[in-house]
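In case you want the letters, here they are:
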Amino acid sequence: MSSPAQVGIVGCGVISRAYAANASAFDSFEIGACADLEPSRSEEIGAEFTLRPLTVEELLRSDSIDVVLNLTPPASHASVTRAALEAGKHVYSEKPLAIAATEAEELCALAESEGLRLACAPDIFLGSAYQKARSLLDDGAIGEPLAISAAMLAGGQEVWHPDPDIFYRDGAGPLLDMGPYYVSAIVSLLGPVRRVAGFASTHVEERTIKVGPRRGERFTAETPTHITSMLELQGAVTATLVATFEAPGHYASTMLVHGSDGELALPDPNGFAGPVRIRRGRGTWEGVPFTSRGAADARGLGLHDMVEAIAEERPHRASAQLATHIVDVARSILASCDSGSAVAIASTAERPDALPVEAARRADEAA
Ligand SMILES: NC(=O)c1ccc[n+]([C@@H]2O[C@H](COP(=O)([O-])OP(=O)(O)OC[C@H]3O[C@@H](n4cnc5c(N)ncnc54)[C@H](O)[C@@H]3O)[C@@H](O)[C@H]2O)c1
């Protein structure tokens, strides 16, 4: 593999701009090329960030690309990742890794058999705020962790995304599109999920696109848009997660860890900012200072860790095993919503190693 690793983006939509802009914060990789099914999109992103616009086939065949950054819609993640692995590329994919757990497992097996790395977003649990929270929990700052209250309330992507229907198809919806931020954070803080139960509904089935060239077009939600779930973790810690696209009036994110001696209030796991707050005993809430990675506290951190892990011959943290577990948990919650019974989780995941801020600082300082 080249040093820095050469990365090619597949899928030049909304989030590709964030990855392309963030890349300068990391010295371990460079994004040099991009591809999209729609050539106008790769040409636009290519011109904006000085990337070579290629067809998907050209990018996958290119000897100068080491890693494919898969930023296609959820329904295309598995096919694009499979094609990239078959072309001999390491892959970092946006979440979810696949829309079904069996598909995700097949991708893990393919990567392993080819001797390639496969990693998956989100990487925000590697950010300095969530790493601080992790060290507080490990140090017993709120005593024994007992439960987590998590909630994500939004109105849905139709108010800001030009192609929002990709987020309402089977394999997306609030649970598979936004749930991975919360469940990855929960697993990285407190370990894997053993059992789940859930309730699901759809209040507004027909949605209208509010922005972009398709403004005014209507589409139908194909997956539940309001899900409340319960998760039992190893060690009998429990969590509740509300994920909804039925709250057009506001955006709210809650992540509270309840312990035997206090509580931690954590920031939105869909963003790298703080604050981290703690309340001990019956005291008042206090902010907890933590060292930021600066520009390297951004989407791209998980890709940076994967590329460094290849060079250092160690496991990477945003692992395909974790991402498979996340898909399994989300799918099992939906299965519970249908059956009315709790569902045991077949998969598991190692809690990823902590990522000390100092370790990632090298990337920031080099920027
Ligand atoms: N938009 C965000 O703020 C955001 C944030 C975090 C994560 N994500 C995730 O990133 C992914 C992409 O989201 P987005 O908002 O950028 O979507 P988008 O619809 O804006 O862009 C997706 C792009 O992929 C292209 N594409 C589709 N299938 C393809 C294929 N098989 N090969 C090549 N190109 C293909 C489309 O033409 C489009 O340009 C999703 O999984 C989403 O969950 C998005």
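Below or above, wherever it landed, is the structure these notes cover.

Reading the values: the criteria
- Residues numbered from 1 in each chain as written.
- Predicted model: local features only at pLDDT ≥ 70, side-chain atom pairs only at ≥ 80, totals over all residues.
- Heavy atoms only, no water.
- Pairing = 2+ DSSP bridges.
- Helix = DSSP H or I, 4+ residues; strand = E, 2+ residues; numbered from the N terminus.
- Expected span 1.5 Å × (residues − 1).
- Buried < 20%, exposed > 50% of the residue type's maximum accessible area, 1.4 Å probe, protein only.
- Contact = heavy atoms within 4.5 Å.
- Lys, Arg positive; Asp, Glu negative; His and termini not counted.
- Salt bridge = Lys/Arg side-chain N within 4 Å of Asp/Glu carboxyl O.
- Polar contact = N/O pair within 3.5 Å; in protein donor to acceptor, adjacent residues only side chain to side chain.
- Phe/Tyr/Trp six-rings, centres within 6.5 Å; stacked < 30°, edge-to-face > 60°.
- Lys NZ or Arg CZ within 6 Å of the ring centre and 35° of its normal.
- Near = heavy atom within 4 Å.
- Areas by Shrake-Rupley, 256 points an atom, 1.4 Å probe, with all protein chains shown as cover.
- Nonpolar A, V, L, I, M, F, W, Y, C, P; charged D, E, K, R; others polar.
- Domains from an automatic or database assignment.

1. Regarding the sheet that holds strand β15 (residues 277-280)
Pairing between the strands of a sheet comes from backbone hydrogen bonds, and it takes one of two forms, parallel or antiparallel. What the nine strands build is an open sheet, ordered β16-β15-β14-β13-β7-β12-β11-β8-β17; its pairing is mixed. Of all the strands in the sheet, the pair left with one neighbour each is β16 (286-287) and β17 (343-344). Two elements, β15 and β16, share two bridges in a ladder whose sense is antiparallel. Note on β16: the bridge partner recorded for Arg-277 is Gly-287.

2. Let's talk about helix α5 (residues 101-114)
Helix length check: α5 (14 residues) gives 20 Å between terminal C-alpha atoms against 20 Å at 1.5 Å per residue, within 8%. Among the residues making up α5, those that are buried are Ala-101, Ala-104, Leu-107, Leu-110 and Ala-111. On its buried side, α5 packs onto α4 (77-86), β6 (118-120) and α9 (320-339). Looking one or two residues beyond α5, the residue adopting positive phi is Gly-115, at roughly 70°.

3. Regarding the side chain of Asp-328
With respect to the element layout, Asp-328 can be found in helix α9. Buried charged residue Asp-328 carries no salt bridge. Nearest counter-charge: Arg-331, at 8.7 Å. At 2.6 Å, the side chain of Asp-328 and the side chain of Ser-347 are in polar contact. Apart from residues no more than four positions distant in its own chain, Asp-328 is found in contact with Ala-101, Ile-345, Ala-346 and Ser-347.

4. Notes on the pairing of strand β1 (residues 5-10)
Counting buried residues in β1 gives six out of six residues, a clear majority hidden from the surface. Neither face of β1 is left uncovered, since the one carrying Ala-5, Val-7 and Ile-9 and the one carrying Gln-6, Gly-8 and Val-10 both have all their residues buried. One ladder, built from six bridges, connects β1 with strand β2 (residues 29-35); its direction is parallel. Bridge assignment links Val-7 to a residue of β2, and that residue is Ile-31.

5. Overview of the packing of aromatic side chains
Under the counting rule described, the total for this entry stands at three aromatic pairs. Taking the centre distance of 5.4 Å and the plane angle of 55° together, the rings of Tyr-168 and Phe-245 count as tilted. Taken together, the residues span a long stretch of sequence, with Tyr-168 in the loop between β7 (145-153) and α7 (173-190) and Phe-245 in the loop between β12 (238-244) and β13 (252-259) at a distance of 77 residues. Owing to a relative accessible area of 0%, Tyr-168 belongs among the buried residues under this scheme. Of the aromatic side chains, those joined through ring pairs into one cluster are Tyr-168, Phe-219 and Phe-245. A cation over a ring is seen here: Arg-277 above Trp-285, with NZ or CZ 4.8 Å from the ring centre.

6. Quick notes on the site of the ligand
Taken together, 26 residues surround the ligand, and among them Val-14, Ile-15, Asp-36, Arg-41 and His-161 come closest. Val-14 has a polar backbone atom sitting 2.9 Å from an oxygen atom of the ligand. Considering the ligand on its own, with 830 Å² of exposed area, one finds that the protein chains cover 89% of that surface. Broken down by secondary-structure element, the contributors of at least two residues to the shell around the ligand are α1 (14-22), α4 and α7. In terms of residue class, the shell around the ligand is built from 14 nonpolar, six polar and six charged. Residues from two domains meet in the shell around the ligand; each of domain 1 (5-123 + 298-318) and domain 2 (127-294 + 325-344) gives at least three.

Keep in mind that these numbers describe shape and distance, not what the molecule does.
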